[in-house]
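# Chains, contacts and geometry: an overview
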Number of protein chains: 2
Amino acid sequence: MSAPAQDPVEEVTQKIEELFFDDEGKPITKKAFKKLQKDKEKADRKAATAAKIAAEKAERDATNVDYSVDRYGKLPMNQSQTRTDTKYEDINTINASRAGETVTVRVRVQTSRATGGKMCFFVFRQNVSTIQGIITVDESTISKQMVKYCVGISPESIVLVQGKIVKPVEEVKSCTVTCAEIAIEKIHVVSEVNARLAFSLDDASRPESAYEEDPQLARVNLDTRLNNRVLDLRTTTNHAIFRMQSAVCLLFREFLTERDFMEIHTPKLISAASEGGSNVFKVNYFKTNAFLAQSPQLYKQMCIAADFGKVFEIAPVFRAEDSNTHRHMTEFMGLDMEMAFNEHYHEVLEVLEDLIVFLLTNLKSRFSNEIEIIKKQYEFEDFEFLPKTLRLHFSEGVKMLREAGVEVGDFDDLSTANEKFLGKLVKEKYHTDFYVLDKFPLAIRPFYTMPDPANPGYSNSYDFFLRGEEILSGAQRIHDADFLTERAKVHEVDLSTIQPYIDAFKIGAPPHAGGGFGLERIVMLFLGLGNIRRSSLFPRDPKRLEP
Amino acid sequence: MSAPAQDPVEEVTQKIEELFFDDEGKPITKKAFKKLQKDKEKADRKAATAAKIAAEKAERDATNVDYSVDRYGKLPMNQSQTRTDTKYEDINTINASRAGETVTVRVRVQTSRATGGKMCFFVFRQNVSTIQGIITVDESTISKQMVKYCVGISPESIVLVQGKIVKPVEEVKSCTVTCAEIAIEKIHVVSEVNARLAFSLDDASRPESAYEEDPQLARVNLDTRLNNRVLDLRTTTNHAIFRMQSAVCLLFREFLTERDFMEIHTPKLISAASEGGSNVFKVNYFKTNAFLAQSPQLYKQMCIAADFGKVFEIAPVFRAEDSNTHRHMTEFMGLDMEMAFNEHYHEVLEVLEDLIVFLLTNLKSRFSNEIEIIKKQYEFEDFEFLPKTLRLHFSEGVKMLREAGVEVGDFDDLSTANEKFLGKLVKEKYHTDFYVLDKFPLAIRPFYTMPDPANPGYSNSYDFFLRGEEILSGAQRIHDADFLTERAKVHEVDLSTIQPYIDAFKIGAPPHAGGGFGLERIVMLFLGLGNIRRSSLFPRDPKRLEP
């Protein structure tokens with residue numbers, strides 16, 4: 001279409017319109033008008049760019065929405081708000097044959113490791129077992145945000161995980177469950193860690209041999225462990241150690257209950273320092289003093305005088321000894337037994353020997369898994385023992401020591417060094433880590449010990465040794481009140497402190513014998529732990545009362 | 001033969017001879033001679049009589065020789081001099097079908113009764129069993145001397161008896177072995193009584209009903225019993241009571257071990273009075289002070305924070321309360337358990353309820369003999385309980401009390417009187433001696449108790465009651481360190497005394513709950529003994545530290 005001929009009025013109007021005005025309608029110069037025009041164009045471009053950016057952001061937001069919000073986060077504190085039918089799995093039941101199943105587990109985060117922002121690997125722990133957990137970003141369920149949250153969960157937090165059992169590409173060697181792992185679908189923190197950990201469980205779980213290979217590795221010393229005992233107790237090694245400790249009591253009772261022994265509970269608060277005054281703790285008892293029992297000795301014997309026949313007790317004993325050694329504590333668990341016999345204290349000694357053989361046999365057979373776990377950290381030689389216990393006369397022990405060049409008197413007590421050395425000699429000669437020394441010298445035993453009627457200077461008493469260290473002391477006791485009084489006087493025991501005990505024998509008591517084991521010593525020696533504090537949950541010594 | 005005629009010389013001689021002389025040949029008067037002659041005859045008669053008496057005595061002695069000397073007497077003190085193959089019988093194995101067998105038993109002389117100097121009846125005791133023994137003079141084995149010796153053996157002596165099993169003419173109602181007795185062939189004292197007995201076992205064993213029939217009978221009060229506890233413990237009733245006490249621990253462990261609980265041993269010596277200062281015993285600990293744990297509460301929770309999952313402990317607990325009641329002691333046995341749960345503390349409460357049902361069921365079925373023995377002395381009603389435990393909300397208990405006319409506030413603690421009364425109301429309405437009260441008011445529970453999230457003023461805590469008296473207290477515990485700190489402050493607990501405990505929760509702990517039973521209370525209440533001292537071997541209270 002061609003342009004129409006211009007009307008003169010329109011032409012004038014157009015010219016007026018072409019005059020220059022600013023935005024408020026005031027006439028301006030052409031130059032000013034041009035600048036204004038330029039500014040306008042700039043603003044328009046800016047707006048267009050902003051709009052474009054906004055549009056792009058909107059588009060980005062649309063694809064980046066956190067579609068996992070309900071799948072992760074911290075749960076409110078459990079106050080037993082609800083109860084569902086959810087099944088919480090033991091991770092030990094998880095294996096490759098269950099691949100594809102969705103399970104819920106509550107586990108401790110042992111470690112986590114992020115890879116490339118899109119994946120996170122976990123080692124989850126339950127008691128002595130561990131399993132691998134994996135989470136990977138995907139398009140509709142696992143968001144980047146969720147994986148980022150996972151990476152931020154601190155070790156030792158407790159998490160509730162829902163996921164699918166998956167067969168891993170290759171065996172997961174770093175976990176106890178090797179043939180299956182969990183593809184995480186949901187993860188919520190049940191209990192979080194809000195303190196710096198004194199050490200990592202990896203550092204606390206390392207075997208001695210690792211330090212030989214790499215001396216730079218962080219080492220957690222015993223004091224640090226004990227100061228942070230709750231964290232320390234979480235290692236699989238410690239779980240296994242205390243399963244073993246629990247097992248010793250279980251087997252002790254199993255054996256004795258089977259033989260009609262009766263469990264007793266004797267008082268720990270006593271009126272007088274009845275077994276020698278220096279090693280006893282004094283207690284403020286209302287307006288007077290009491291003392292803490294150093295053993296159930298006198299009371300278990302009183303139960304025998306009361307015709308209980310065969311008794312045992314598992315209870316704490318207290319020793320106010322200022323001994324700071326690897327095998328002394330001020331409080332430990334005593335496994336005590338006492339038994340009336342018919343003719344000879346060897347009737348009782350045989351029960352005690354059978355008890356230890358039963359214990360050792362069953363620890364090995366029923367707790368081999370725990371033993372293997374502990375061995376990984378505290379390497380020790382397998383415990384050797386004979387089906388028929390080796391029983392040596394004390395004088396035979398002395399003879400062996402002398403033949404090996406040790407100067408020792410016939411009636412000397414065994415020093416710790418000689419005790420250990422004799423254990424070594426016995427092991428070499430008889431191939432056993434457990435043996436019994438019978439007929440100790442009378443003078444080095446407590447006042448209530450029955451003298452050997454045939455061999456002056458000796459007594460009807462015995463000690464048991466594991467790996468060359470004493471775990472039990474025992475004897476035939478004097479059951480005759482007059483003779484008991486006589487012997488107490490010889491030992492300069494204050495008779496007034498033991499009157500109820502003496503009185504118990506005035507009304508007739510059968511011949512009897514017994515012994516007391518130290519629980520933590522058995523565990524320490526059987527497992528070669530090297531320090532008794534490692535076999536006590538919260539050890540007590542002259543310098544430690546906490547935690 | 002006739003007499004020969006007399007020779008005159010002889011006649012004279014005879015006459016001279018007929019003159020009277022005394023014994024020394026001096027002539028005497030006829031009168032004097034006659035007297036002399038009379039005296040002689042008298043002496044002769046006397047001698048003859050003496051000879052006759054001597055002959056008779058010799059004859060008597062010959063028939064009266066003690067042909068039993070080797071069959072009785074006191075044995076030398078047993079020092080394990082010898083060992084034979086003798087079989088020592090349990091008297092419970094003796095019955096009429098074994099009549100004619102010779103057996104050896106070692107028994108306590110409970111009573112003896114002589115009849116006419118030729119017989120003696122014994123009641124022999126072994127633990128909770130008794131059997132009759134009889135000895136009768138005969139011509140070749142049992143001498144009068146032996147029977148006399150038997151009569152002199154004091155009650156409570158221990159004797160070694162060899163004899164023949166005999167079927168008695170009629171049932172021996174006074175003994176537990178009724179269909180057989182022992183005809184004694186040998187009897188030796190093994191251990192004799194050389195003190196006056198404070199009371200006879202017959203007096204100590206009498207049921208309350210006997211005093212109603214005959215108020216003149218000697219009664220042994222509780223203090224006398226406890227002062228002479230060894231003698232007192234010999235009654236069959238006490239043997240049965242402590243068999244039951246032993247059984248409660250056995251069953252407690254059996255149930256929990258079966259459910260994978262682990263036994264723990266926590267320290268009794270602690271560094272601070274962590275559960276409130278007033279009721280705690282102070283101990284001199286080297287150069288500082290320690291305290292005796294009032295419960296394993298904090299430590300068993302720390303084991304949960306260490307991931308032990310399910311734990312139990314049987315150990316003494318110490319309370320420095322100056323309470324002199326029928327149900328308080330300063331030292332008693334705590335049966336404690338603690339358990340992590342997944343969703344709701346009722347998971348734990350159910351385990352505890354099942355535990356008590358298991359305990360009650362098995363006490364009744366496995367220890368019926370003991371229950372019957374105890375019932376004879378301490379008459380009590382059979383224990384009633386429901387297979388599914390009755391669980392009442394605390395407010396429901398308050399409501400029941402109010403409906404029965406008791407004025408009590410919504411959040412008041414239960415007084416001992418109200419506790420018992422509520423037990424009575426529950427028994428009437430629900431026919432059970434065991435029930436649980438759930439949701440105690442928050443304010444009257446310890447600082448670590450978890451509040452009920454739905455009902456302000458209440459908490460996730462519970463008590464168990466047997467025959468209207470509390471045997472267990474328990475709750476969900478606070479597992480969040482910050483909230484625990486907050487609650488401790490509200491309760492004005494000195495935070496410095498519980499730092500290791502608070503710290504345990506800072507490194508993450510699962511939700512958990514638990515409870516603690518008092519062993520002696522369970523035994524006392526189940527058996528209706530009326531005083532807790534009767535269910536403790538050697539009870540301790542503010543006034544008693546001995547024997």
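Predicted model, so just to flag it, every value in this text is computed and none were measured.

### Things to note about the overall build of chain A
- Secondary structure assignment for chain A yields 16 helices and 17 strands.
- Taking 2.2 N^0.38 as the reference for a compact globule, 547 residues should give roughly 24 Å; the C-alpha atoms of chain A span a radius of gyration of 40 Å, well beyond that estimate.
- Across its three principal directions, the C-alpha atoms of chain A cover 155 × 60 × 50 Å.
- Sequence separation of at least 24 residues holds for 68% of the intrachain contacts in chain A that already meet a minimum separation of 6.
- For chain A, the accessible surface area stands at approximately 25100 Å², while carbon and sulfur atoms represent 51% of it.
- Seen as two clouds, the 71 positive and the 82 negative side-chain charges of chain A have centres 6 Å apart.

### Considerations on the relation of the copies chain B and chain A
- With an RMSD of 0.4 Å, the operation that places chain B on chain A is a rotation of 179 degrees combined with a shift of 0.1 Å along the axis. As the rotation angle and translation indicate, the two copies are arranged about a two-fold axis. The position closest to the rotation axis in chain B is occupied by the C-alpha of Val283(B), lying 2.3 Å away.
- A symmetric contact is evident, with 100% of the interface residues of chain B recurring at the interface of chain A.

### Re the pattern of salt bridges
- Tallied over the full model, the rule gives 68 salt bridges over all chains.
- For Asp203(A), the salt bridge goes to Arg206(A), with nearest N and O atoms at 2.8 Å. Exposure class is identical for Asp203(A) and Arg206(A). Each is buried.
- Lys300(B) serves as the salt-bridge partner of Asp336(B), at 2.6 Å between the closest nitrogen and oxygen. On the criterion of sequence distance, the pair formed by Asp336(B) in strand β12 (residues 331–340) and Lys300(B) in helix α9 (residues 297–305) is long-range, its members being 36 residues apart. Considered together, Asp336(B) and Lys300(B) belong to a single accessibility category, that of buried residues.
- What emerges from the salt-bridge pattern is a single network uniting Arg108(A), Arg125(A), Glu156(A), Arg234(A) and Asp307(B).

### Re the pairing of strand β16 (residues 469–477) of chain A
All names here are of chain A.
- Most of β16 is tucked away: seven of the nine residues are buried.
- Note: strand β15 (residues 461–466) against β16, six bridges, orientation antiparallel. Directly across from Phe-464, in β16, lies its bridge partner Leu-472.
- Taking the residues that link successive antiparallel strands as the turn, the β15-β16 hairpin has two residues, and the phi of Arg-467 there is positive, at about 45 degrees.
- In this sheet, strand β17 (residues 512–518) lies alongside β16 in antiparallel orientation, the contact comprising six bridges. Bridge pairing in β17 places Arg-477 opposite His-512.

### Let's talk about the pairing of strand β14 (residues 434–438) of chain A
All names here are of chain A.
- Counted residue by residue, β14 has five buried out of five residues, so it is predominantly covered.
- Strand direction decides the pairing type here: strand β13 (residues 390–393) and β14, joined by four bridges, are parallel. Within β14, the position partnered with Leu-390 by the bridge is Tyr-435.
- Where β14 meets β15, five bridges bridge the pair, whose relative direction is antiparallel. If you follow Phe-434 over to β15, its bridge partner there is Leu-466.

### With respect to a negative patch on the surface
All names here are of chain A.
- A grouping of Glu-212, Glu-213, Asp-214 and Glu-379 is seen on the molecular surface, where their side chains present a negatively charged patch.
- For Glu-212, the location among the structural elements is in helix α5 (residues 208–213).
- Judged by relative accessible area, which is 64%, Glu-212 ranks as exposed.

### Here's the deal with the packing of helix α8 (residues 236–258) of chain A against helix α10 (residues 346–366) of chain A
Residues and elements named next belong to chain A.
- Relative to each other, α8 and α10 sit at 135 degrees, their axes nearing to 10 Å. What the angle tells us is that α8 and α10 run oblique. As for the relative orientation of α8 and α10, their crossing is right-handed in sense. Contacts from Met-244, Ala-247, Val-248, Leu-250, Leu-251, Phe-252, Glu-254, Phe-255 and Leu-256 of α8 reach α10 at Val-351, Asp-354, Leu-355, Phe-358, Leu-359, Asn-362, Leu-363 and Arg-366.
- Considered class by class, the residues forming the contact of α8 with α10 number 13 nonpolar, one polar and three charged.

### With respect to the sheet that holds β15(A)
Residues and elements named next belong to chain A.
- Ordered in space as β7-β11-β12-β17-β16-β15-β14-β13, the eight strands form an open sheet in which the pairing is mixed. The open sheet has two edge strands, β7 (262–263) and β13, and neither has a second partner.
- Its contacts with the sheet put helix α9 (residues 297–305) on β11 (310–318), β12 (331–340), β16 and β17, and the angle it makes with β12 is roughly 25 degrees.

### Notes on the sheet that holds strand β14 (residues 434–438) of chain B
All names here are of chain B.
- The eight strands lie next to each other as β7-β11-β12-β17-β16-β15-β14-β13, forming an open sheet whose pairing is mixed. The sheet is open, and its two edges are formed by β7 (262–263) and β13 (390–393), each paired on a single side.
- Packed onto the sheet, helix α12 (residues 394–403) meets β13 and β14 and runs at close to 85 degrees relative to β13.

### Here we look at the interface of chain B and chain A
- Counting residues at the interface gives 107 residues for chain B and 107 residues for chain A.
- Interface area, chain B with chain A, both sides summed: about 9500 Å², of which 57% is carbon and sulfur.
- Among the residues of chain B in contact with chain A, His265(B), Glu343(B) and Ile507(B) are the three that bury the most area, contributing 8% of the side total.
- Run the count over chain B and chain A and you get eight salt bridges.

### Points about the packing of aromatic side chains
All names here are of chain A.
- Counted under the stated rule, the structure contains 44 aromatic pairs over all chains.
- Taken together, a centroid distance of 5.1 Å and an interplanar angle of 45 degrees make the contact between Tyr-72 and Tyr-149 tilted. A residue pair is termed long-range when its members are at least 10 positions apart, and Tyr-72 in strand β1 (residues 72–74) and Tyr-149 in helix α3 (residues 144–152) qualify at 77 residues.
- Note on Tyr-72: relative accessible area 15%, which makes it buried.
- Given the relative accessible area of 27%, Tyr-149 is considered partly exposed.
- Connected via pairs of aromatic rings, a cluster forms that spans Phe-252, Phe-312, Tyr-345, Phe-434, Tyr-462, Phe-464 and Phe-517.
- Stacked on the ring of Phe-440, the Lys or Arg Arg-445 has its end atom at 4.4 Å from the ring centre.

### Overview of helix α14 (residues 481–490) of chain B
All names here are of chain B.
- Buried within α14 we find Ala-481, Phe-483, Leu-484, Thr-485, Arg-487 and Ala-488.
- At its buried positions, α14 is contacted by α15 (499–506).
- Regarding α14, its N-cap is Asp-480, as a side-chain oxygen of that residue lies 3.1 Å from the backbone nitrogen of Asp-482 further along.
- Positive backbone phi, at 55 degrees, marks Glu-492, one or two positions downstream of α14.

### Re the environment of Leu298(A)
- Mapped onto the fold, Leu298(A) is located in helix α9.
- Leu298(A) gets classed as buried once you look at its relative accessible area, which sits at 6%.

### Topic: the confidence of the model for chain A
- Taken as a whole, chain A shows an average pLDDT of 91; of its residues, 93% reach a score of 70 or greater.
- Prediction confidence for the complex, expressed as pTM and ipTM, is 0.87 and 0.87 respectively.

### A word on the nonpolar core
- If you look at the biggest cluster of nonpolar residues, it comprises 101 residues, and the most contacted ones within it are Phe308(A), Tyr462(B), Phe464(B), Phe517(B) and Leu527(B).
- It is helix α8 (residues 236–258) of chain B that provides the largest number of residues to this core, a total of eleven residues.
- Core analysis: the next-biggest nonpolar cluster, separate from the first, contains 100 residues, Phe312(A), Tyr299(B), Ile304(B) and Ile498(B) among them.

### What about unusual backbone geometry?
- Looking along the chain, the bond that leaves Glu546(A) and enters Pro547(A) is cis, with omega of -5 degrees.
- Residue placement: Pro547(A) occurs in the segment after α16 (519–526).

### Overview of the environment of Ser461(A)
All names here are of chain A.
- Examined against the element boundaries, Ser-461 turns out to sit in strand β15.
- C-alpha of Ser-461 to C-alpha of Arg-477: the two residues are 16 residues apart in sequence and 8.7 Å apart in space.
- Discounting residues that sit within four places of it in the chain, Ser-461 has contacts with Tyr-345, Leu-437, Asp-438, Lys-439, Phe-440, Arg-445, Thr-449, Gly-474 and Ala-475.
- One polar contact links Ser-461 to Ser-459, side chain to side chain, over a distance of 2.8 Å.

### Focus on the state of the cysteines
Residues and elements named next belong to chain B.
- Applying the stated criterion across every chain, the model contains zero disulfides over all chains.
- There is no disulfide at Cys-150, and the cysteine sulfur nearest it, in Cys-120, is 5.7 Å away.
- Note on Cys-150: relative accessible area 0%, which makes it buried.

Definitions and limits used
- Residues numbered from 1 in each chain as written.
- Chains lettered and ligands numbered in written order.
- Predicted model: local features only at pLDDT ≥ 70, side-chain atom pairs only at ≥ 80, totals over all residues.
- Heavy atoms only, no water.
- Helix = DSSP H or I, 4+ residues; strand = E, 2+ residues; numbered from the N terminus.
- Rg over C-alpha atoms; globule rule 2.2 N^0.38 Å.
- Contact = heavy atoms within 4.5 Å.
- Areas by Shrake-Rupley, 256 points an atom, 1.4 Å probe, with all protein chains shown as cover.
- Lys, Arg positive; Asp, Glu negative; His and termini not counted.
- Charge placed at Lys NZ, Arg CZ, Asp CG, Glu CD.
- Least-squares fit on C-alpha atoms with pLDDT ≥ 70 in both.
- Salt bridge = Lys/Arg side-chain N within 4 Å of Asp/Glu carboxyl O.
- Buried < 20%, exposed > 50% of the residue type's maximum accessible area, 1.4 Å probe, protein only.
- Pairing = 2+ DSSP bridges.
- Patch = residues over 30% accessible without salt bridge, like charges linked within 9 Å, V, L, I, M, F, W, Y side chains within 5 Å.
- Axes fitted to C-alpha atoms, helices over the stretch in contact; angles between N-to-C directions.
- Parallel < 35°, antiparallel > 145°, perpendicular 65-115°, else oblique.
- Left-handed = near helix turned anticlockwise from the far one by under 90°.
- Nonpolar A, V, L, I, M, F, W, Y, C, P; charged D, E, K, R; others polar.
- Buried area = accessible area lost by both parts, 1.4 Å probe.
- Phe/Tyr/Trp six-rings, centres within 6.5 Å; stacked < 30°, edge-to-face > 60°.
- Lys NZ or Arg CZ within 6 Å of the ring centre and 35° of its normal.
- Polar contact = N/O pair within 3.5 Å; in protein donor to acceptor, adjacent residues only side chain to side chain.
- pLDDT = per-residue confidence, 0-100.
- Core = buried A, V, L, I, M, F, W, Y, C linked by side-chain atoms within 4.5 Å.
- Disulfide = S-S within 2.5 Å.

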